Amino acid sequence: MRSSSPLPRMSRRGRVTIGVLIGVFVLFTLLGWGVQAWTDWLWFSEVDYTGVFRGVIVTRLLLFLAAGLAMGAIVGGNLWLAQRLRPRHRPHSPEQATLERYRMLLGPRLGLWITAAAAIVGLFAGLSAQSRWNQWLLFRNGGDFGVVDPEFGVDVGFYVFQLPFWRFLLGLGFTAVVLALIGSLAVHYLFGGVRLQGVGDRMSNAARAHLSTLVAVFVLLKAVAYVLDRRSMLLEYNDGVGVYGAGYADINALLPAKEILAYISVVVAIAIIVFSNAWMRNLVWPGISLALLGVSAVAIGGIYPWAVQTFEVKPSARDKEAPYIQRSIEATRASYGLDNAQTSAYAASNLTPQDSLATDTSVVPNARLLDPQLVSQTYTQLQQVRGFYDFGPKLDIDRYTVNGKTQDYVVGVREINYSELTAQQSNWINRHTVYTHGYGVVAAPANQVVCGGQPFFVSGFLGERAQESCSSPTDQIPASQPRIYYGERMQGGDYAIVGKPNPDANPAEFDRPAGESGEGRESYYAYTGEGGVEIGSFTRRLLYAIKEQEANFLLSEAVNENSKLLYVRNPRDRVEKVAPFLTLDGDPYPAVVDGRVQWIVDGYTTAATFPYAERVNLQQETTDELTGRGTIQLARENVNYIRNSVKATVDAYDGTVTLYEFDENDPVLKAWNKAFGGDLIKPRAEIPPSLADHFRYPADLFKVQRNLLTRFHVTNPGDFYSGQDFWQVPNVPDAPDSGVKQPPYYLYTQFPGQEAPRFQLTSAVTPNGRQNLAALISASYEDGKPTLQVLELPDQTRVSGPVQVHQQMTNNANIRQQLNLLSSNQAQVQYGNLLSLPFGNGMLYVEPVYVKSNQTDAYPLLQKVLLSYGDGGSFVVLADNPADGIKQLVEQGKRAAAGNPPPTGGEEPPGDGGEPSATPSATPSATPTPGQAPPLTGELGAAADRVQAAITEVRAAQASGDFERYGRALKALDEALTAFQQAQQAAGGNNAPNNPAPSPGG
């Protein structure tokens, strides 16, 4: 039979073209990698963390080479062995005639084809292995936790540091053997060692020995997998009870089954080699052995555990699973730091306001009125000065001691927002060499408003200022270096080029408006800090021109021999690059420390293999109303161990990154520090006290712990199984149907059991499926150590939760009318943080009410404060300020104690200082109580609404400083008052209110 002709060869021109294209691709790929590596090295040299860059690069390279060479050698060696074991003589058959053309094509260059196949396999194996650099470093440097698992008595360090990499190596081994088996089978078939047609054996002795050995190795690896699976069972999800870790059926049925299957696998591997080569020399009995292994895996590892679970566990799951639920509870509380939570009962039995509310100095005066999310717009409008300055969508909360008094402040940083530059300002020169930095930290006390609802600014002023009643005459939180070169508003492409060509040259960077109130001449500045990469040489300029794909690095005169390039300017990105092994909190915050502005970033060490601990998704657990509004959403990382082990700082002027050890007992952080030389993290003892004074409990960690405490505050296995005492995090009070969780809030206050006010993070929780209050969870630092406190209310308490309280306060008849008057066609009402404050064995709720005009560039102003005490519905007031509200609550409490409960329509707050008096309910069916004005109805009620709306617009216009708008508002108010008087005359006094028409304040 005539053999088929070989495949046609490619022309010389075609081969050259393909070679050139491949060469160009490789050249540009290597050039890109080289430029990226070089610029990264320069950046790490700037921040003095080259050890991290070198350690990661070297580790990834070694893993790439080790895994690639090992995988390539295994696969390539087996392919080479398969062709070496080819039979000398092949029987004639149509099958062999068809294969002959392929043998003629591959035969002359078979070594090259085998090398290419091994190289491709090694390349992908190396790429996979180099991405496991973090697992390898922990595997190599990890130690003991000092805690053993409850089943095998093995230290938890094995599960966290060793098990993940062993599982990766096992997976790599399975892949190598499978690829070698498939490749060897193909080569044996190509060269006649394995035949589908013809007389005689279908497989040569050499091919059978080779392939059966590979199958036996695969089965032996399966035995190793069964051994590792026994340990991994402690990490799996137990569907029967909804917790993680091996349950009753797993321990008593599946665990011994895995051990039996491991022994069976070893026996089967030996049987395959013996029956295939030393005894019967066929594949019948090896096939039977494999089939028996499969049947055993199904019967012993599947059916038997299922039967135990179905017929033994389910009928009495509460008792059978109790020990394993207890394991999960204890492990979860330990792995998330919940075991130190201090739980105490809080009766909240006092439902009547007491006199002590009016004389308190720890809780009531510190109630925060400024909502950092809402007043960000106010900061921007009042302190922006230039359109390109920005404070971001959410401000931060921190505490400072001013004039001997410690309290919390709402803090914002005046940064450059490059997206707000005009078209003229956005050219390359302006964007990167002129508008390089922001200026100043603007702060205001969180519990104080002035000038019609504005924050009382105490810092961050620009230029010379005259004394103003709406702000402090002096800078109470001074910063010796207020310039912000590194900030949250700066993204990847927002690099800055700084530096004068010579000392006598004029500075080119816009610094700040120099005149009073931001008017007058502009001030310019030249950067003198240590930050930035020097780019004065032609080589550096060319390097960064390639990196940024920007020719101006070479062509522009703005880049001179003294120029520095500042990039990676977002504090969170900067810390993430320096410490890639940390999970960072989504809300960095600024603090003025020793006169310098420092960004503080909380860093977490995490793990996902803590035995029996609950596994959570960080992105899901930390998402709430503020996510994406000034806080960064965390990645979808599944963890079951977390510690706030690192406090990182980034200097806002020179970009210096410092990592401080905060948890001295965290084994994961010790492993990472050891992996990078042992001095990457500064010891806790080196934390400056002035910096430690600004540490706050991180929000994302608190959210995870709070969410877990809703279940794992129950420590009795039987109660946990029933789930009746579980809690839930309430939705946002003013939008409960949105499904968005209420975020925790920072407060400087004193809770029961605390000796003095603390700066703490607080959240209310409600019973699962109900809206009344179940507990208050707070977190703070006590003597520098993290503390969790749970104030647990009795079951079936009458105290309302946040959603109920907001609804009860805003649906109160009298309050509803006042809120409607505030929200006219010209303005809208916005609600601030609803604060739940335990006080006097009762609950005090405070919710600020903002009014925002619908005018362009309007901003929210604090106009009223909602206060409630007790169960949320009995004692409710809407006051101009907390002091007045507390007085009204106390008066209500006195009347209630005297047997005169407050009217259902709420109390009418008296007019104060020219402020508009509250009008009674406009509901026609409402029956006025003695001493209360009759309801306004018809045209008179509409006229009163118009007057109140006009008053609100007058206040807003006055606060905004827009005189034209203020004049229009006064005219509208005059018209509204005239209409009200005409409506009174038309009513003939029959429906006139007891109080005269309201008049605008101040």
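Here is a short report on the structure shown in this document. If you're wondering where the values come from, they're calculated on a predicted model, not measured in any experiment.

1. A few points about the overall build of the protein chain
1) Next: Check the secondary structure of the protein chain and you find 27 helices and 34 strands.
2) Next: Per-residue burial over the protein chain gives 54% buried out of 1002 residues.
3) Next: Summarising the internal contacts of the protein chain: among those between residues at least 6 apart in sequence, 68% fall at separations of at least 24.
4) Next: Accessible surface computed for the protein chain: about 44000 Å², of which carbon and sulfur atoms make up 54%.

2. Concerning the packing of helix H2 (residues 50–84) against helix H6 (residues 156–190)
1) Next: Two numbers describe how H2 lies on H6: the axes approach to 8 Å, and their chain directions differ by 25°. Between H2 and H6, the interaxial angle falls into the category roughly parallel. The way H2 lies across H6 gives a crossing that is right-handed. Residues Leu63, Ala67, Met71, Ile74, Val75, Asn78, Leu79, Ala82 and Gln83 of H2 pack against Phe165, Leu172, Thr175, Ala176, Leu179, Ala180, Gly183, Ser184, Val187 and His188 of H6.
2) Next: Partitioned by chemical class, the residues of the contact of H2 with H6 number 13 nonpolar, six polar and no charged.

3. Examining the pattern of salt bridges
For side chains of opposite charge, pairing can occur when their charged atoms come near one another.
1) Next: Inspection of the entire model under this criterion finds 26 salt bridges.
2) Next: The shortest N-O distance in the salt bridge between Asp390 and Arg489 comes to 2.9 Å. Of this pair, Asp390 sits in strand S4 (residues 389–390) while Arg489 sits in the loop between strand S12 (483–484) and strand S13 (496–498), placing them 99 residues apart in sequence.
3) Next: The exposure class of Arg489 is partly exposed, given its relative accessible area of 26%.
4) Next: Through salt bridges with shared partners, a single network forms among Lys394, Asp396, Asp587 and Arg696.

4. Quick notes on the nonpolar core
One recurring pattern in soluble globular proteins: nonpolar side chains tend to sit buried together.
1) Next: Tyr49, Tyr379, Tyr544, Phe553, Leu659, Phe676 and Leu844 are the most contacted members of the largest nonpolar core, which has 196 residues in total.
2) Next: The dominant element in this core, judged by the number of residues it contributes, is H6, at 15 residues.
3) Next: Those residues within four positions of Tyr49 in sequence are excluded, and the remaining contacts are Phe44, Val578, Val657, Thr658, Leu659 and Leu680.
4) Next: With 26 residues, the next largest nonpolar core counts Met809, Leu819, Leu822 and Val829 among its residues.

5. Some remarks on the environment of Arg684
1) Next: Relative to the assigned elements, Arg684 resides in the loop between helix H19 (667–675) and helix H20 (689–692).
2) Next: The class for Arg684 is partly exposed, based on a relative accessible area of 22%.
3) Next: Along the chain, Arg684 and Glu661 lie 23 residues apart, while their C-alpha atoms are 4.9 Å from each other.
4) Next: Beyond its immediate stretch of four places on either side in the chain, Arg684 contacts Glu661, Phe662, Glu664, Gly784 and Lys785.
5) Next: Within the structure, Arg684 has its side chain in polar contact with the backbone oxygen of Phe662 (distance 2.6 Å).

6. Describing the packing of aromatic side chains
1) Next: Inspection of the entire model under this criterion finds 42 aromatic pairs.
2) Next: Summarising the aromatic geometry, the rings of Phe388 and Phe510 are spaced 5.5 Å apart at their centres and angled 90° between planes, so their arrangement reads as edge-to-face. Note that Phe388 is positioned in the loop between helix H13 (375–383) and S4 and Phe510 in strand S14 (residues 509–513), a separation of 122 residues in sequence.
3) Next: Note on Phe510: relative accessible area 4%, which makes it buried.

7. As for the sheet that holds strand S5 (residues 396–402)
The strands that make up a sheet are held in pairs by hydrogen bonds between backbone atoms, and each pair lies either parallel or antiparallel.
1) Next: Across the sheet, which stays open at both edges, the three strands sit in the order S5-S6-S9 with antiparallel pairing between neighbours. Two strands lie at the open edges of the sheet, namely S5 and strand S9 (441–445), each paired on one side alone. The average angle at which neighbouring strand axes cross in this sheet is 45°, direction not considered.

8. As for the pairing of S9
1) Next: With five of its five residues buried, S9 lies for the most part within the structure.
2) Next: Here S9 shows no split at all, with Val441, Ala443 and Pro445 on one side and Val442 and Ala444 on the other all buried.
3) Next: Strand direction decides the pairing type here: strand S6 (residues 405–413) and S9, joined by five bridges, are antiparallel. In the sheet register, Val411 faces S9, and the bridge partner there is Ala443.

9. Re the sheet that holds strand S17 (residues 564–566)
1) Next: Taken together, three strands build an open sheet; the order of strands is S13-S17-S16 and the sheet is antiparallel. The two strands at the open ends of the sheet, each matched to only one other strand, are S13 and strand S16 (533–534).
2) Next: Relative to S17, S16 is paired through two bridges, and the arrangement is antiparallel. Within the sheet, the bridge partner assigned to Glu534 lies in S17 and is Lys564.

10. Examining the state of the cysteines
1) Next: Applying the stated criterion across every chain, the model contains one disulfide.
2) Next: Here Cys451 is linked by a disulfide to Cys470, with a sulfur-sulfur distance of 1.9 Å. Across the disulfide from Cys451 to Cys470, rotation about the S-S bond amounts to roughly -105°, and the bridge is consequently left-handed. A residue pair is termed long-range when its members are at least 10 positions apart, and Cys451 in the loop between strand S10 (449–450) and strand S11 (454–455) and Cys470 in the loop between S11 and S12 qualify at 19 residues.
3) Next: Here Cys451 falls in the partly exposed class, since its relative accessible area comes to 28%.
4) Next: Residue classification places Cys470 among the partly exposed residues on the basis of a relative accessible area of 23%.

11. Let's talk about unusual backbone geometry
1) Next: Positive phi is not limited to glycine here, since Asn403 has a value of about 55°.
2) Next: With respect to the helices and strands, Asn403 occurs in the loop between S5 and S6.
3) Next: You can call Asn403 exposed: its relative accessible area is 77%.
4) Next: At Val568, a position not held by glycine, the phi torsion is positive, near 55°.
5) Next: Looking at the element boundaries, Val568 is found in the loop between S17 and helix H17 (571–578).

Rules behind the numbers
- Residues numbered from 1 in each chain as written.
- Predicted model: local features only at pLDDT ≥ 70, side-chain atom pairs only at ≥ 80, totals over all residues.
- Heavy atoms only, no water.
- Helix = DSSP H or I, 4+ residues; strand = E, 2+ residues; numbered from the N terminus.
- Buried < 20%, exposed > 50% of the residue type's maximum accessible area, 1.4 Å probe, protein only.
- Contact = heavy atoms within 4.5 Å.
- Areas by Shrake-Rupley, 256 points an atom, 1.4 Å probe, with all protein chains shown as cover.
- Axes fitted to C-alpha atoms, helices over the stretch in contact; angles between N-to-C directions.
- Parallel < 35°, antiparallel > 145°, perpendicular 65-115°, else oblique.
- Left-handed = near helix turned anticlockwise from the far one by under 90°.
- Nonpolar A, V, L, I, M, F, W, Y, C, P; charged D, E, K, R; others polar.
- Salt bridge = Lys/Arg side-chain N within 4 Å of Asp/Glu carboxyl O.
- Core = buried A, V, L, I, M, F, W, Y, C linked by side-chain atoms within 4.5 Å.
- Polar contact = N/O pair within 3.5 Å; in protein donor to acceptor, adjacent residues only side chain to side chain.
- Phe/Tyr/Trp six-rings, centres within 6.5 Å; stacked < 30°, edge-to-face > 60°.
- Pairing = 2+ DSSP bridges.
- Disulfide = S-S within 2.5 Å.

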